[in-house]
Amino acid sequence: MSDSRIIYGFHAVTSRLRSAPENVLEIFVDGSRTDRRTSDLISIAQSKNVRIMTIETRRLDGMTGNARHQGVAASVGALKLATHVEDVLEALTEPALLLILDGITDPHNLGACLRVADAMGVHAVLAPKDRAVGLNATVSKVASGAAETIPYIPVTNLARTMRELKERNVWITGADETASVDLYDAKLDGSRAIVFGAEGEGMRRLTRESCDELVRIPMLGSVESLNVSVSVGICLSEARRQRRPLKKG
């Protein structure tokens with residue numbers, strides 16, 4: 001399959017096996033591993049009729065670029081997730097919650113952001129095609145399966161995409177440490193996209209100017225800044241809290 005790629009690590013491989021076994025072309029397992037975790041993975045693969053190949057550690061190292069593969073990798077095809085934000089919005093039966101990442105270049109950060117986004121019920125993650133890491137095996141491993149279930153949509157022109165979202169009544173909130181509005185004073189319910197900038201640089205000028213409002217996370221201790229995935233988690237958690245149905249009584 002021409003669009004196949006390698007994912008690795010127990011979380012990523014097991015998640016793909018459970019969510020889309022027909023998409024797993026082949027699983028590669030380190031022949032020296034005889035632990036329970038490996039046995040369980042093999043059992044799941046066999047129950048899904050997925051081919052298993054036992055290979056040497058050095059082959060797994062080469063296959064994954066010497067990453068921490070945990071003795072397991074898989075060749076998988078492309079998932080049929082939404083590839084355009086319009087498709088995501090048209091399929092929704094609730095207000096949209098989107099995450100926009102402006103130029104994340106660290107695959108570990110992107111993977112962590114996808115994991116948080118999946119946990120908080122984000123409908124899609126948008127990012128520029130250029131100056132961003134994109135999906136790869138490291139992202140899939142760190143995301144622990146989230147990269148396989150949440151649409152990640154690269155766009156050619158992020159500012160233009162943000163304008164188009166506004167035309168579809170999606171309010172855009174940017175996270176910026178210099179903002180005057182406190183996160184917990186901001187309104188984050190309704191159809192909304194929350195924007196975060198790159199590690200250490202923040203949002204680009206056009207991205208910032210395309211936001212409807214900017215908010216900041218209040219920092220009450222001695223630490224001046226947070227990792228982008230931590231910031232994403234804090235903001236999405238507040239957005240999700242505001243979306244909860246009010247309890248009667």
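As a reminder, the structure under discussion sits directly above these lines.
As the structure is a computational prediction, the values presented were derived from the model and not from experiment.

(A) Geometry of the nonpolar core. Ranked by size, the top nonpolar core spans 29 residues in total, and within it Leu-99, Leu-101, Leu-114, Val-122, Val-125, Phe-196 and Val-232 carry the most contacts. Those elements giving two or more residues to this core turn out to be strand E5 (97–102), helix H5 (107–119), strand E6 (124–128), helix H6 (137–143), strand E10 (192–197) and helix H9 (228–243). Ranked by residues supplied to this core, first place goes to H9 with 5 residues. Those residues in contact with Leu-101 that lie beyond four places of it in its chain are Leu-110, Cys-113, Val-125, Leu-126, Ala-127, Pro-128, Phe-196 and Val-232. Val-85, Val-88, Leu-89 and Val-195 belong to the second-largest nonpolar core, a separate cluster that totals 19 residues.

(B) Quick look at the pattern of salt bridges. Under the defined criterion, the tally for this structure stands at 13 salt bridges. One salt bridge connects Asp-40 with Arg-36, and the closest N-O pair in it is separated by 3.1 Å. Taken as a pair, Asp-40 and Arg-36 lie in helix H2 (residues 36–47) at a separation of 4 residues, close to a single helical turn. Overall, Asp-40 belongs to the partly exposed group, its relative accessible area being 35%. Its salt-bridge partner being Arg-241, residue Glu-238 comes within 2.7 Å of it at the nearest N-O pair. Taken together, the residues Glu-238 and Arg-241, both in helix H9 and 3 residues apart, mark about one turn of the helix.

(C) Inspection of the sheet that holds strand E1 (residues 5–8) at higher detail. Taken in spatial order, the 4 strands of this open sheet run E1-E4-E2-E3, and their pairing is mixed. In this open sheet, the two edge strands, each paired with only one partner strand, are E1 and strand E3 (52–55). Direction aside, neighbouring strands of the sheet carry axes that sit 25 degrees apart on average. Where strand E2 (residues 24–30) meets strand E4 (residues 72–76), 5 bridges bridge the pair, whose relative direction is antiparallel. Paired with Ile-27 across the strands is Ala-74, a residue of E4. Contacting E1, E2, E3 and E4, helix H3 (residues 57–64) runs over the sheet at an angle of about 130 degrees to E2.

(D) Up close: the side chain of Asn-109. Counting through the fold element by element, Asn-109 comes out in helix H5. In this structure Asn-109 comes out as buried when scored by relative accessible area, which is 10%.

(E) Here's a closer look at the sheet that holds strand E7 (residues 152–155). Strand order in this open sheet of 7 strands is E7-E6-E5-E10-E8-E11-E9, and the pairing throughout is parallel. If you trace the sheet from one side to the other, it starts and ends with E7 and strand E9 (181–182), each paired once. With 4 bridges connecting them, strand E8 (residues 171–175) and E10 associate as parallel partners. Residue pairing across strands places Trp-171 opposite Arg-192, the latter belonging to E10. Each of E5, E6 and E7 is contacted by H5, which is oriented at about 170 degrees to E5, the strand it contacts most. Together, E5 and E10 form the strand contacts of H9, whose direction differs from that of E10 by roughly 165 degrees.

(F) A look at the side chain of Ser-140. In this structure, Ser-140 sits in helix H6. Reaching out from Ser-140, the side chain makes a polar contact with the side chain of Arg-5 at a distance of 3.3 Å. Apart from the residues within four sequence positions on either side, Ser-140 is in contact with Arg-5, Ile-7, Ala-12, Gly-145, Ala-147 and Glu-148.

Calculation rules
- Residues numbered from 1 in each chain as written.
- Predicted model: local features only at pLDDT ≥ 70, side-chain atom pairs only at ≥ 80, totals over all residues.
- Heavy atoms only, no water.
- Core = buried A, V, L, I, M, F, W, Y, C linked by side-chain atoms within 4.5 Å.
- Buried < 20%, exposed > 50% of the residue type's maximum accessible area, 1.4 Å probe, protein only.
- Helix = DSSP H or I, 4+ residues; strand = E, 2+ residues; numbered from the N terminus.
- Contact = heavy atoms within 4.5 Å.
- Salt bridge = Lys/Arg side-chain N within 4 Å of Asp/Glu carboxyl O.
- Pairing = 2+ DSSP bridges.
- Axes fitted to C-alpha atoms, helices over the stretch in contact; angles between N-to-C directions.
- Polar contact = N/O pair within 3.5 Å; in protein donor to acceptor, adjacent residues only side chain to side chain.

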